[in-house]
Amino acid sequence: MPGGLVALLDDVAVIAKAAAASIDDVSIAAGRAGSKAAGVVIDDAAVTPKYVTGITPARELPIIWGITKGSLRNKLLILLPGALVLSWVFPAAIVFLLMMGGAYLSYEGAEKILEKLGGEHHGETLDDPIEDPAKFEKERVSGAIRTDLILSAEIMAISLNEIAEVSDQFWVRAAALAAVGIGITFVVYGAVALIVKMDDIGLHLAKKESALARKTGTGLVHAMPRVLTLLSAIGTVAMLWVGGGIILHSLEQLGVHGPADLAHGVQHAVEEATGALSGVLGWLSYAASSALLGLVLGAVLVMLIHKVFGLGGSHDDG
């Protein structure tokens, strides 16, 4: 009996050790994937604030929470099982889905820029009278969740690629992808919530007795409208550079190296000419090339969708 108990304890110890090793695999895979997806996370954080710019302050956090829940559904209920199934059944399909996402982001970013330059408005905007605030808010949240789906798809695709190099176990991949999805969602939308509520923090500080606190609070209150407007613009540009970047990378994976080689050529030329700032300026030049491709592709799609096929009628038409 004692011998049997010792053997049982040995078995339990082996199982516990294996489980601990698997948990380590999950944490390593999640950490590696999260670091690789950091660039897309920054883009996601830049894109999102534009959806609450100009909204009544009392509705900002509810909107962000609505987008956060939609983002979790995107990642955990759609993208996670989809990524795992595609990686198992038809891995080649992932690149085409990413290209569709890149084209959508390019279209949306180009449409916003063309509208700012005097083109027709498609759908209700903050510059127009809002007849049904609840409906408008719902449409804004839906638009943000659609954009999040594209950005999250890239995050999950990048993450899956990194996780596959760490472990080939199905459950390790699933757990690591879930960990990355949940962690990134709360980091991004927590940061967005903090950004959009900085003016309220400023108002709170402005009522303090300390002169420094009042000065800081007043500065935040005056600065935040400009910061949110800037973030909205950055978000539009981010759509273009992420969309264009997805297209460049996907074409490269499909064996069409010309566009990506040209963008990398510009990047390397800038890096060689700029010395100490080569890293930053080289990245900016590649991002600019990606954004230019996104803008051209997006403008073509806007023309095809609105002018040729007559879809998404202009706001002026009702």
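Remember, it's a predicted structure, so these values are computed and weren't measured experimentally.

## Some thoughts on the overall build of the protein
Then step 1. Helices and strands together make up the secondary structure of the protein, namely ten helices and zero strands.
Then step 2. Secondary structure elements of the protein, listed N to C terminal, follow the sequence α-α-α-α-α-α-α-α-α-α.
Then step 3. Within the span of the protein, comprising 318 residues, buried residues form 40% of the whole.
Then step 4. Across the protein, the fraction of contacts at a sequence separation of at least 24, relative to all contacts at a separation of at least 6, is 77%.
Then step 5. Total accessible area on the protein stands at roughly 17100 Å², and carbon and sulfur atoms take up 70% of it.

## Looking at a nonpolar patch on the surface
Then step 1. Judged by side-chain polarity, Leu292, Val296, Val300, Met303, Leu304, Val308, Phe309 and Leu311 come together as a nonpolar surface patch covering roughly 780 Å² of accessible area.
Then step 2. Along the chain, Val300 turns up in helix α10 (residues 278–308).
Then step 3. Exposure remark for Val300: the relative accessible area of 43% places this residue in the partly exposed category.

## With respect to the pattern of salt bridges
Then step 1. Across all of its chains, the model carries two salt bridges by this definition.
Then step 2. Between Lys75 and Asp148 there is a salt bridge, with its nearest N and O atoms 3.7 Å apart. Here Lys75, found in helix α3 (residues 57–89), pairs with Asp148, found in helix α5 (residues 133–166); they are 73 residues apart in sequence, far enough to count as distant. An identical accessibility class is assigned to Lys75 and Asp148; each is buried.
Then step 3. Between Lys197 and Asp200 there is a salt bridge, with its nearest N and O atoms 2.5 Å apart.
Then step 4. On the basis of relative accessible area, Lys197 is assigned to the buried category, the value being 16%.
Then step 5. Note on Asp200: relative accessible area 29%, which makes it partly exposed.

## Structural notes on the packing of helix α9 (residues 258–274) against α10
The description of two packed helices rests on the angle between their axes and on the distance between the axes.
Then step 1. One way to put it is that α9 packs onto α10 with a least axis distance of 8 Å and a crossing angle of 155°. Our classification of the angle between α9 and α10 gives roughly antiparallel. For the crossing formed where α9 meets α10, the hand is right-handed. Along the contact surface, α9 presents Ala263, His264, Val266, Gln267, Val270, Glu271 and Thr274, while α10 presents Ser278, Leu281, Gly282, Trp283, Ser285, Tyr286 and Ser289.
Then step 2. Taken together, the residues of the contact of α9 with α10 sort by class into six nonpolar, seven polar and one charged.

## Some remarks on the environment of Trp283
Then step 1. Mapped onto the fold, Trp283 is located in helix α10.
Then step 2. When residues no more than four places from it in sequence are discounted, the contact partners of Trp283 are Trp241, Gln267 and Ser278.

## Section: the packing of aromatic side chains
Then step 1. Under the defined criterion, the tally for this structure stands at one aromatic pair.
Then step 2. Both rings, one in Trp241 and one in Trp283, keep their centres 6.1 Å apart while their planes meet at 85°; by these two values the pair is edge-to-face. Taken together, the positions of Trp241 in helix α8 (residues 211–253) and Trp283 in helix α10 put the pair 42 residues apart, joining distant regions of the chain.

## Overview of the environment of Phe96
Then step 1. Inspection of the secondary structure assignment puts Phe96 in helix α4 (residues 93–116).
Then step 2. Of the residues examined, Phe96 reaches a relative accessible area of 45% and is grouped as partly exposed.

## Focus: α4
Then step 1. With 24 residues, α4 extends 35 Å from end C-alpha to end C-alpha; this agrees with the ideal 34 Å at 1.5 Å per step.
Then step 2. Count one or two residues on from α4 and you reach Gly118, which has phi positive near 110°.

## Some details on the confidence of the model for the protein
Then step 1. For the protein, the average pLDDT comes to 76, and 74% of its residues sit at 70 or higher.
Then step 2. Across the protein, element-level confidence peaks in α9 with a mean pLDDT of 92 and bottoms out in helix α1 (residues 2–36) with 45.
Then step 3. Long-range and interchain partners of residues 32–39, a stretch whose pLDDT sits below 50, account for 14 contacts in this model, where long-range means more than four residues apart.

Thresholds applied
- Residues numbered from 1 in each chain as written.
- Predicted model: local features only at pLDDT ≥ 70, side-chain atom pairs only at ≥ 80, totals over all residues.
- Heavy atoms only, no water.
- Helix = DSSP H or I, 4+ residues; strand = E, 2+ residues; numbered from the N terminus.
- Buried < 20%, exposed > 50% of the residue type's maximum accessible area, 1.4 Å probe, protein only.
- Contact = heavy atoms within 4.5 Å.
- Areas by Shrake-Rupley, 256 points an atom, 1.4 Å probe, with all protein chains shown as cover.
- Patch = residues over 30% accessible without salt bridge, like charges linked within 9 Å, V, L, I, M, F, W, Y side chains within 5 Å.
- Salt bridge = Lys/Arg side-chain N within 4 Å of Asp/Glu carboxyl O.
- Axes fitted to C-alpha atoms, helices over the stretch in contact; angles between N-to-C directions.
- Parallel < 35°, antiparallel > 145°, perpendicular 65-115°, else oblique.
- Left-handed = near helix turned anticlockwise from the far one by under 90°.
- Nonpolar A, V, L, I, M, F, W, Y, C, P; charged D, E, K, R; others polar.
- Phe/Tyr/Trp six-rings, centres within 6.5 Å; stacked < 30°, edge-to-face > 60°.
- Expected span 1.5 Å × (residues − 1).
- pLDDT = per-residue confidence, 0-100.

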